[in-house]
Amino acid sequence: MSAKFTENDEWITVDGEIGTVGVTSYAQDQLGDIVYVELPTVGKTYKAGDEIGVVESVKAAAEIFAPADGEVTEINAALEDKPGVINSDPAGDGWIYKIKLSNGPQVDGLMDDAAYKAFRPDA
Amino acid sequence: MPRPERSDMSAPAQALRQTELHSLHTELGARMVAFAGYDMPVQFPDGIVAEHLHTREFCSVFDVSHMGQALLRVEGGGFGVTAAALETLIPGDIQGLAPGAMRYSLLLNEAGGIVDDIIVTRLPAADGWSGDDLLLVVNAARKQGDFTYIANSIPQAKLTPLVDRALLAVQGPTAAKALADLFPHAAEKLANLPFMHTVSVVDGGHEMLISRSGYTGEDGFEISAENGAVEQCALRLLALPGVAPAGLGARDSLRLESGYCLYGHDIDETTSPVEAGLIWAIAKARRETGGFPGAERIMGELANGPRRRRVGLMPEGKSIVRDGATICDQSGLDIGIVTSGAYGPTVGGPVAMGYVRADVSVLGQELFLSGRTKPVSAQIVKLPFVAARIFRGGRTA
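All values derive from a computational prediction rather than experimental measurement.

1. A short note on the overall build of chain B
- Helices and strands together make up the secondary structure of chain B, namely 10 helices and 19 strands.
- Here chain B has a C-alpha radius of gyration of 21 Å; the compact-globule value for 397 residues is 21 Å, and the two agree.
- Considering only C-alpha atoms, chain B reaches an extent of 65 × 50 × 45 Å along its principal axes.
- Burial status across chain B gives 56% buried among its 397 residues.
- For chain B, the share of sequence-separated contacts (at least 6 apart) that also reach a separation of at least 24 residues comes to 65%.
- Carbon together with sulfur atoms contributes 54% to the accessible area of chain B, which is approximately 15,600 Å² in total.

This is the structure:
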């Protein structure tokens, strides 16, 4: 499926019941050079809207929130040494974590590409 | 995501002032932020980390035209009288300055707090400048207040803000090469110019005051030029190989790694020079004789020690501790506050400065900084984080 977007500038793609989550190009551009990512814990469950990690740039720290209910199944450990990958490839190698969705339809309620573009016309 | 741009000390957006290089910044793709009432570039497309590292390795050009520049003179008094007048407001030795020499100093209030940190230059007697005059360079956010304070405190002196002048900082190990290329007719005098000295250079009919100074810890120069000449100067610098523009973001991380204070964060009207570790800015003779505002407190702190001290802080791990974080001892007792905290690109991790109770301000002291969610372990370390490589004449120190 194509990506869905949150108002907090996260993206999520879903394959079966596994969602892959990252931050949008707009978010990385606003933050500037990303120097540290506080990754979530594998095996931990979150509700939609729970704080799940932090992306820190030279300028600011931005919390990231779970876009839907689920259990974290994998984290992108490569970001621990190379957090700047979020700047260079936010929608690809800069993915942050994978989450096993327990309430899949929640994702349908998020913005699609057109809606996100309308939400962030500067992006 | 929050909009991360810092806009401390800013005026409302519609009232923002612009420097002479504003349109150049925009053309170069700068991201602009409100700073001290000016619309200033925080970064260019390369980004803060790249600009910081470029400055440490090559040469960057910073627009610092928002800073205040003013001439100070006591009419008919000569240099000694002007210098003595200014010395009633600062603890430094100004009367001892030779023509062209500069000094970092502190404008003080009656409570011994710091009104501003300023650079005082005895102008070289050349190209229309008088060696009887002092040039003051003050912080952008403080300039109005500084100028009023000086004018009111020493009314016998005439203070003339140089509103028709801009200021460029050209910083980095290849800055001397860049200036030699830019001003071939003055190359030798610029190459031999020692740190904290100023010369006058005339280029294309425009007179410029060029000092060997800066705020990055690297060798470098600051060029005070007429507004009408600064854009051409900046464009010619940026056309040189290895020279790139840098914004206020890199300027901040460079100065923090170099252990320099940022006014409004690491020093303010409540901090004394002794607390801030700026005793070197108090002239030796004046530590005994005083004669500057707040001398009672400052001389008392020199004799008995201050209540708190500014220290370098090295947080453990990778999370960035930012200014405003609380400093606690092992038992959780509040012992101070972080006044600057950021990612240090040359260090490759978080760096910080702050104030701690004097009795715990010991190198190696373990303490905790309040993090975003949990306390972060940190250690008091020697400043600077990155050793200065300024040019003292003859060699690069």
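Further notes follow.
2. Here we look at the sheet that holds strand E3 (residues 18-23) of chain A
All names here are of chain A.
- Sheet architecture is open: 6 strands sit in the order E1-E2-E3-E9-E8-E5, paired in antiparallel fashion. With partners counted over all chains shown, the strands left at the sheet margins are strand E1 (4-5) and strand E5 (45-46), one partner each.
- Pairing geometry for strand E8 (residues 70-75) and strand E9 (residues 97-101), over 5 bridges, is antiparallel. Within the sheet, the bridge partner assigned to Gly70 lies in E9 and is Leu101.

3. Concerning the nonpolar core
- Counting 29 residues, the largest nonpolar core has Leu168, Leu179, Phe183, Ile210, Ile223 and Leu237 of chain B as the members making the most contacts within it.
- Elements that contribute at least two residues to this core include exactly strand E3 (59-63), strand E9 (165-171), helix H5 (175-182), strand E10 (198-203), strand E11 (206-211), strand E12 (220-226) and helix H7 (227-238) of chain B.
- Considering every element that reaches this core, the biggest residue donor is H7 of chain B, with 5 residues.
- In this structure Leu237 of chain B touches Val61, Leu168, Val170, Ala178, Leu179, Leu182, Ile223 and Val243 of chain B, once residues within four positions along its chain are discounted.
- In this structure, Ala27, Val37, Ala62 and Leu110 of chain A belong to the second largest nonpolar core, which totals 26 residues.

4. A word on the packing of aromatic side chains
- Under the criterion given, the structure shown has 4 aromatic pairs over all chains.
- Ring plane angle 25 degrees and centroid distance 5.2 Å describe the contact between Tyr104 of chain B and Trp280 of chain B, whose orientation is recorded as stacked. Highlighted residues: Tyr104 of chain B in strand E5 (residues 102-108) and Trp280 of chain B in the loop between helix H8 (248-257) and helix H9 (284-289), separated in sequence by 176 residues.
- A relative accessible area of 17% places Tyr104 of chain B in the buried class.
- Residue Trp280 of chain B is classed as exposed on the basis of its relative accessible area of 56%.
- A ring pair is formed by Tyr215 of chain B and Tyr260 of chain B, whose centres lie 5.9 Å apart and whose planes are at 10 degrees; its orientation type is stacked. Highlighted residues: Tyr215 of chain B in the loop between E11 and E12 and Tyr260 of chain B in the loop between H8 and H9, separated in sequence by 45 residues.
- The exposure class of Tyr215 of chain B is buried, given its relative accessible area of 18%.
- Among the aromatic residues, those joined into a cluster by ring pairs are Phe5, Tyr116 and Phe119 of chain A.

5. Considerations on the packing of helix H2 (residues 48-57) of chain B against H8 of chain B
All names here are of chain B.
- Look at H2 against H8: their axes get within 8 Å of each other, and the N-to-C directions meet at 55 degrees. Here H2 is positioned oblique relative to H8, judged by the angle of their axes. Considering how the two elements wind past one another, H2 and H8 form a crossing that is right-handed. Contacts between H2 and H8 involve Ile48, Glu51, His52, Thr55 and Arg56 from the first element and Gly249, Ala250, Ser253, Leu254 and Glu257 from the second.

6. Quick word on H8 of chain B
Residue and element names in this part refer to chain B.
- For H8, the tally of buried residues reaches 10 of 10 residues, placing the bulk of the element in the interior.
- The complete set of buried residues in H8 reads Leu248, Gly249, Ala250, Arg251, Asp252, Ser253, Leu254, Arg255, Leu256 and Glu257.
- Just past H8, the residue Gly259 takes up positive phi, approximately 80 degrees.

7. Quick word on the sheet that holds strand E4 (residues 68-73) of chain B
All names here are of chain B.
- Across the sheet, which stays open at both edges, the 5 strands sit in the order E5-E6-E7-E4-E8 with antiparallel pairing between neighbours. In this open sheet, the two strands that pair with only one neighbour each are E5 and strand E8 (158-161). Averaged over all pairs of adjacent strands, the angle between strand axes in this sheet comes to 30 degrees, irrespective of strand direction.
- Direction of pairing for E4 relative to E8: antiparallel, over a ladder of 4 bridges. Each bridged residue has a counterpart across the sheet, and for Leu71 the counterpart in E8 is Thr160.
- Along the sheet face, helix H3 (residues 78-87) touches E4, strand E6 (114-122) and strand E7 (134-138) and points at about 30 degrees away from the line of E7.

8. Here we look at the confidence of the model for chain B
- The share of residues in chain B with pLDDT of 70 or more is 95%, and the mean pLDDT across the chain is 95.
- Under a pLDDT of 50 for its full length, residues 3-11 of chain B has, in the predicted model, 28 contacts with residues more than four places off or in other chains.

9. Looking at the domain arrangement of chain B
Residue and element names in this part refer to chain B.
- On domain assignment, one finds that chain B holds domain 1 (13-65 + 164-257) and domain 2 (307-381).
- Taken over C-alpha atoms, the centre of domain 1 sits 31 Å from the centre of domain 2.
- At the boundary of domain 1 with domain 2, total buried surface from both sides reaches about 710 Å², with 71% on carbon and sulfur atoms.
- Summed over the shared surface of domain 1 and domain 2, the result is 0 salt bridges.
- Applying the counting rule to domain 1 against domain 2 returns 5 residue pairs in polar contact (both at pLDDT 80 or more).
- At the level of secondary structure, the elements contributing two or more residues to the side of domain 1 that touches domain 2 comprise H2 and H8.
- Here the residues of the side of domain 1 that touches domain 2 sort into 3 nonpolar, 2 polar and 3 charged.

10. What to know about the interface of chain B and chain A
- Counting from both sides, the interface comprises 19 residues of chain B and, opposite them, 26 residues of chain A.
- Of the roughly 2,000 Å² buried between chain B and chain A on both sides combined, carbon and sulfur atoms contribute 49%.
- In this structure, the connection of chain B to chain A is made through 6 salt bridges.
- One can count 13 residue pairs in polar contact (both at pLDDT 80 or more) joining chain B with chain A.
- Those elements that provide at least two residues to the side of chain B that touches chain A are strand E2 (38-43) and H2 of chain B.
- With 3 residues, the single largest contributor to the side of chain B that touches chain A is H2 of chain B.
- Taken together, the residues of the side of chain B that touches chain A break down into 9 nonpolar, 4 polar and 6 charged.

About the thresholds
Residues numbered from 1 in each chain as written. Chains lettered and ligands numbered in written order. Predicted model: local features only at pLDDT ≥ 70, side-chain atom pairs only at ≥ 80, totals over all residues. Heavy atoms only, no water. Helix = DSSP H or I, 4+ residues; strand = E, 2+ residues; numbered from the N terminus. Rg over C-alpha atoms; globule rule 2.2 N^0.38 Å. Buried < 20%, exposed > 50% of the residue type's maximum accessible area, 1.4 Å probe, protein only. Contact = heavy atoms within 4.5 Å. Areas by Shrake-Rupley, 256 points an atom, 1.4 Å probe, with all protein chains shown as cover. Pairing = 2+ DSSP bridges. Core = buried A, V, L, I, M, F, W, Y, C linked by side-chain atoms within 4.5 Å. Phe/Tyr/Trp six-rings, centres within 6.5 Å; stacked < 30°, edge-to-face > 60°. Axes fitted to C-alpha atoms, helices over the stretch in contact; angles between N-to-C directions. Parallel < 35°, antiparallel > 145°, perpendicular 65-115°, else oblique. Left-handed = near helix turned anticlockwise from the far one by under 90°. pLDDT = per-residue confidence, 0-100. Domains from an automatic or database assignment. Buried area = accessible area lost by both parts, 1.4 Å probe. Salt bridge = Lys/Arg side-chain N within 4 Å of Asp/Glu carboxyl O. Polar contact = N/O pair within 3.5 Å; in protein donor to acceptor, adjacent residues only side chain to side chain. Nonpolar A, V, L, I, M, F, W, Y, C, P; charged D, E, K, R; others polar.

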